[in-house]
Amino acid sequence: MKNDAPKDLITDTVNATDASRQADTLVPITVAHGDGIGPEIMAATLKVLAAAGARIAPETIEIGEKLYHAGHSSGIAPESWESLRRTQVFLKAPITTPSGGGYKSLNVTIRKTLGLYANVRPCVSYAPFVTTKHPKLNLVIVRENEEDLYGGIEHRQTDEVVQCLKLITRPGCEKIVRYAFEYARTNGRKKVTCMSKDNIMKLTDGLFHQVFDEIRVEYPEIAAEHMIIDIGAARLATRPELFDVIVTANLYGDIISDIAAEMTGSVGLAGSANIGEHVAMFEAIHGSAPDIAGQGIANPSGLLLGAVMMLVHIGQPEVAANIHNAWLCTLEDGVFTADLQRTGSAKAGLPLPFGSMDFADAIVERLGRLPEKFKPVHYQAPTPRTEQAARPLYVRAPAAQKALVGVDVFVHQSALSADDLAVQIQASNTAALQLQMITNRGVKVWPGGFPETFCTDHWRCRFTAGTDRGEVAQRDIVHLLSALTEAGVDVIKTENLCTFDGVKGFALGQGQ
Ligand code: NAD
């Protein structure tokens, strides 16, 4: 049988940020069994690791639902951080985030608290053994892991409007973009595609794209391109063979990596690494799958492949390769869990899908064997960092010349039209600051608004310098806010309008 499966990726290694560990000592790792299917797939994974002779000393911590319900709003107890910081290696099963206010995502908290800035998600099709419409899919998504809309900084501002703050930083962009190029270089990948939405979010996504363009020139041997995320995602879903390494912001990466993993045959097949300067966390990309929890039918492959990445990271590439090759053998032999059975991947004549533990046993039985159709995996220990990667991750540039040139004042009011609101607000104009425009949901509604524009109770009133000099002082803003408050205007918040080295640090209103 012809082997159509893409080959290179399965030997990829994450760019380990720590020196490889001693080969002959037990490496302490922190393990969490998680919620839902977590305990089932972790038990299966640890069984395979033990049988393969992984030199690890797991210490277990409790995280997830139990901890949330015990009053820990982030799903982790304070003492567990000590284990994570000491071992610096975390093998984590998925957990359930209770819905509703008051609970913070544990995953996001861990990634941000421990500085795990790079989320590396290899997605590979295993055709013809796993049924997929995309047999040539072989790509890695490098997702920024700490920023973007995942700051969880959300506020209800008016009766009708809630807000989530999207934060994109230059250090965050530089770290993730450089990581993606380093990953490509280390793993012999040929192209890095940046995906953003900078046609709309010119400052935030614009910075991501700009940093990509700055850093790509350091890697002349690697092709680089940018795509708007919508067409990029569409091409990913239809022609994944166009892609090699994709680097993108947190939310986009979260979405497209689930899509890519599912396209390979099941979301249960993909593992991921979360890499920081000090600590690294390894997991499946999927969640706790409460719909199938407790049935012993979950596919442990995602977590197992996460564990394989972990073994490479801690300097046990031969154990990682042994497990990965045995796992490939199970696929070649038609050993499938129920999720793959549903896709029609199973060979005729195999009566029942394998449960999680039976699947683990099938892998254990094949340890020491090499796949016949897939190219066998040969991992290497993490390579020393290249010159670029060995540099400090971020060097702060000298501060720009910053000038305050105005202020956006956000106002809650539901009774007045835009024109009437303008009259009320203009009465508070000071000599230093004059009302320039009003927008509603970003669209200019004064002066010269259209009656067709739907308005909520949330208005942005832009004030700029009323003097020729163009600059204002902080105290001018304080005076303006006093005048507005005196006039009974319900001010929600303000955003200063600044220029940096003469370049506007704010977007125009739509229609301005
Ligand atoms: P999910 O990934 O848990 O499940 C989506 C679908 O895929 C379900 O039908 C499920 O049965 C199936 N599936 C997932 N993993 C599978 C596996 N290993 N084998 C077979 N089938 C599998 O996504 P969801 O249902 O949206 O989320 C459930 C919970 O998981 C939520 O509480 C969410 O917050 C949490 N979650 C956790 C993580 C994590 O811990 N890293 C990641 C994503 C979601």
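Since we're looking at a predicted model, the values are computed, not measured.

Remarks on the overall build of the protein chain
Counting secondary structure elements, the protein chain contains 15 helices and 18 strands. For 512 residues, the compact-globule estimate of 2.2 N^0.38 gives 24 Å, and the protein chain sits close to it at 26 Å. Taking all 512 residues of the protein chain together, the buried fraction comes to 54%. Taking as baseline every contact in the protein chain between residues at least 6 positions apart, the subset at least 24 positions apart corresponds to 78%. Approximately 21,900 Å² of the protein chain is accessible, and the part contributed by carbon and sulfur atoms is 55%.

Points about the environment of G75
Within the secondary structure layout, G75 lies in the loop between α2 (65-69) and α3 (78-87). For G75, a relative accessible area of 0% puts it in the buried group. Once the C-alpha coordinates of G75 and G64 are considered, the two residues, eleven residues apart in sequence, prove to be 4.7 Å apart. Ignoring sequence-local partners within four residues, the contact set of G75 consists of I63, G64, L67, Y68 and L106.

Section: the state of the cysteines
Considering all chains together, one arrives at zero disulfides under this definition. Here C173 is not cross-linked by a disulfide; its sulfur's nearest cysteine counterpart is in C194, at 8.7 Å. Summary of cysteine pairing: C498 is not part of a disulfide, and the nearest cysteine sulfur, belonging to C461, is at 18 Å.

Describing the sheet that holds strand β16 (residues 458-465)
Ordered by their spatial adjacency, six strands build an open sheet running β15-β14-β16-β13-β17-β18, and the pairing between neighbours is antiparallel. Of all the strands in the sheet, just β15 (443-446) and β18 (503-504) have a single pairing partner and so form its edges. In this sheet, β18 lies alongside strand β17 (residues 491-500) in antiparallel orientation, the contact comprising two bridges. For T499, the partnering residue across the bridge sits in β18 and is K504. Its contacts with the sheet place helix α15 (residues 474-486) against β13 (402-412), β14 (433-440), β16 and β17, and it is angled at close to 15° to β13.

Observations regarding the packing of aromatic side chains
The full count for this structure, using the stated rule, is seven aromatic pairs. An angle of 15° between the planes, with centres 5.0 Å apart, marks the rings of F181 and Y219 as stacked. Highlighted residues: F181 in helix α5 (residues 170-186) and Y219 in the loop between α6 (204-216) and β9 (223-228), separated in sequence by 38 residues. For F181, a relative accessible area of 0% translates into the label buried. Each member of the aromatic cluster is reached from another via a ring pair, and the members are Y126, F129, W327 and F374.

The rules behind the values
- Residues numbered from 1 in each chain as written.
- Predicted model: local features only at pLDDT ≥ 70, side-chain atom pairs only at ≥ 80, totals over all residues.
- Heavy atoms only, no water.
- Helix = DSSP H or I, 4+ residues; strand = E, 2+ residues; numbered from the N terminus.
- Rg over C-alpha atoms; globule rule 2.2 N^0.38 Å.
- Buried < 20%, exposed > 50% of the residue type's maximum accessible area, 1.4 Å probe, protein only.
- Contact = heavy atoms within 4.5 Å.
- Areas by Shrake-Rupley, 256 points an atom, 1.4 Å probe, with all protein chains shown as cover.
- Disulfide = S-S within 2.5 Å.
- Pairing = 2+ DSSP bridges.
- Axes fitted to C-alpha atoms, helices over the stretch in contact; angles between N-to-C directions.
- Phe/Tyr/Trp six-rings, centres within 6.5 Å; stacked < 30°, edge-to-face > 60°.

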